[in-house]
Amino acid sequence: MNVPDELYETTETHIERLLGRALNSFDLPDQLVERLDSALAHASSLHSCVHSGPQHRLTYRHTYLLADGSSLALWELVHNTGRDGRDQHELYEEETELRLAAARLPDGFSGWPNPLGASFAVEDAPGRGPARGPEPVLGYGPSAPAPWTYEPDGAADHARRVLRRAENADRPGERAAVRLRAAFAYHIRQVFGRQCGPDDRYTGFTLYEHAFLLLDGSETSLWEVEHTATPDGRHMCEVYEEERAAREAMELRARVR
């Protein structure tokens, strides 16, 4: 029986391999990567495994013992939903971020459980009044307010990562970035998600609200649109300071895809 080389690799080699193959390793906070330099030992465990035909989604939890006696965990998402069918690896600091990333995968996985759980909606909430004017392509209305349960750590780093992955020219600028440096807690919710057809290539749209609690007691949000309305079908991320602007961007992409 062949034994995987990973069973014999050092912790340093393991971390290098993990960071080297992750498509989003540049999104990890610099402080986290620096802490990994002091890792003395590691353990990896399979967190979830789902298969549907030729496609699969796996999640792993990698735990590290650091030189100062503390521990650190990284969450890894492995899936083969790309056009070439090859495994793609992504790394996340928080399990919440891992679940959101899993939720962004294409919807062509019959029988897959909702990785976000029942508390996260994939369509606009029911019971809202009809929108005025013509029916939009995506058929949505404004999101309903919901109480927040804030995560108390890493808010400023989370805001930095959201802003850094935005590709739209009208993304929030330096003023928003400076303000969000004072964020000390955050909450993420999926507001909208839908696949659009019926042509030979489905296009996915997902809208997230990233809400932040600032040191002065005020709250602010970033609105993130993820879609595949790109020439090659790849995922694209756009970020806006207003929900209306984010929804208008989705509407525009849906019409011109």
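Keep in mind that this is a model prediction, so the values were computed, not measured.

Engineer: Break down the pattern of salt bridges for me, citing the residues and quoting the values.
Structural biologist: Once their charged atoms are close, side chains differing in charge can pair, the charge on each being opposite to the other. Scanning the entire structure with this criterion turns up 13 salt bridges. Note that Glu224 is salt-bridged to Arg165, the shortest N-O span being 2.8 Å. You can see Glu224 sitting in strand β7 (residues 219-227) and its partner Arg165 sitting in the loop between α4 (155-164) and α5 (174-180), a full 59 residues away along the chain. Of the residues examined, Glu224 reaches a relative accessible area of 0% and is grouped as buried. Given a relative accessible area of 21%, Arg165 falls into the partly exposed group.

Engineer: Tell me what's going on with the layout of surface pockets, and back it up with residues and numbers.
Structural biologist: Unfilled space is identified by rolling a water-sized probe across the atoms. Computed from the structure, the second largest pocket encloses a volume of approximately 330 Å³. Residue lining of the second largest pocket: 17 residues in total, with Leu32, Glu93, Glu94, Asp153 and Gly154 positioned closest to the centre. Looking at the lining of the second largest pocket, the elements with two or more residues in it are α2 (30-36), β3 (71-79) and α4. Residues of the lining of the second largest pocket, tallied by class, amount to seven nonpolar, three polar and seven charged.

Engineer: Describe the side chain of Glu9, naming the residues involved and giving the relevant values.
Structural biologist: Position of Glu9 relative to the elements: it lies in the segment before α1 (11-21). Polar contacts involving the side chain of Glu9 include one to the side chain of His14, which spans 3.2 Å. A polar contact of 2.7 Å, which involves the side chain of Glu9, links it to the side chain of Arg17. Filtering out sequence-adjacent residues up to four positions away, Glu9 remains in contact with His14, Arg17 and His42.

Engineer: An account of α1 is requested, with residue identities and associated values reported.
Structural biologist: Along α1, the residues that are buried comprise Thr11, His14, Ile15 and Leu18. Taken around the axis of α1, the buried residues stretch over an arc of 95 degrees, which confines them to a single face. For α1, the exposed residues set more than 90 degrees away from the buried face come down to Glu12 and Gly20.

Engineer: If you had to explain the environment of Val78 to someone new, which residues and values would you point to?
Structural biologist: With respect to the element layout, Val78 can be found in strand β3. Residue Val78 is classed as buried on the basis of its relative accessible area, which comes to 4%. Separated by 19 residues in sequence, Val78 and Thr59 have C-alpha atoms that sit 6.2 Å apart. Residues within four places of Val78 in sequence aside, it is in contact with His56, Arg57, Leu58, Tyr60, Asp87, Gln88 and His89.

Engineer: Could you give an account of the packing of aromatic side chains, naming the residues involved and the relevant values?
Structural biologist: Per the counting criterion, the structure on display carries one aromatic pair. Consider the rings of Tyr186 and Phe212, whose centres lie 6.5 Å apart with planes at 35 degrees: the pair is tilted. Of this pair, Tyr186 sits in strand β5 (residues 183-196) while Phe212 is found in strand β6 (residues 203-214), placing the two residues 26 residues apart along the sequence. Here Tyr186 matches Phe212 in class, with each residue buried.

Engineer: Before we move on, can you summarise the environment of Glu90 with the specific residues and values?
Structural biologist: With respect to the helices and strands, Glu90 occurs in strand β4 (residues 88-92). For the pair formed by Glu90 and Leu23, sequence separation is 67 residues and the distance between their alpha carbons is 5.6 Å. Once residues within four sequence positions are removed from consideration, Glu90 is found in contact with Asn24, Trp75, Glu76, Leu77, His79 and Ala101.

Here is what the cut-offs are and how they apply
- Residues numbered from 1 in each chain as written.
- Predicted model: local features only at pLDDT ≥ 70, side-chain atom pairs only at ≥ 80, totals over all residues.
- Heavy atoms only, no water.
- Salt bridge = Lys/Arg side-chain N within 4 Å of Asp/Glu carboxyl O.
- Helix = DSSP H or I, 4+ residues; strand = E, 2+ residues; numbered from the N terminus.
- Buried < 20%, exposed > 50% of the residue type's maximum accessible area, 1.4 Å probe, protein only.
- 1 Å grid on protein atoms, 1.4 Å probe; cavity = no way out; pocket = protein on both sides within 12 Å on 5 of 7 lines; lining within 4 Å.
- Points joined across faces, edges and corners; volume = space filled by probe spheres on them.
- Nonpolar A, V, L, I, M, F, W, Y, C, P; charged D, E, K, R; others polar.
- Polar contact = N/O pair within 3.5 Å; in protein donor to acceptor, adjacent residues only side chain to side chain.
- Contact = heavy atoms within 4.5 Å.
- Arc of directions from axis to C-beta.
- Phe/Tyr/Trp six-rings, centres within 6.5 Å; stacked < 30°, edge-to-face > 60°.

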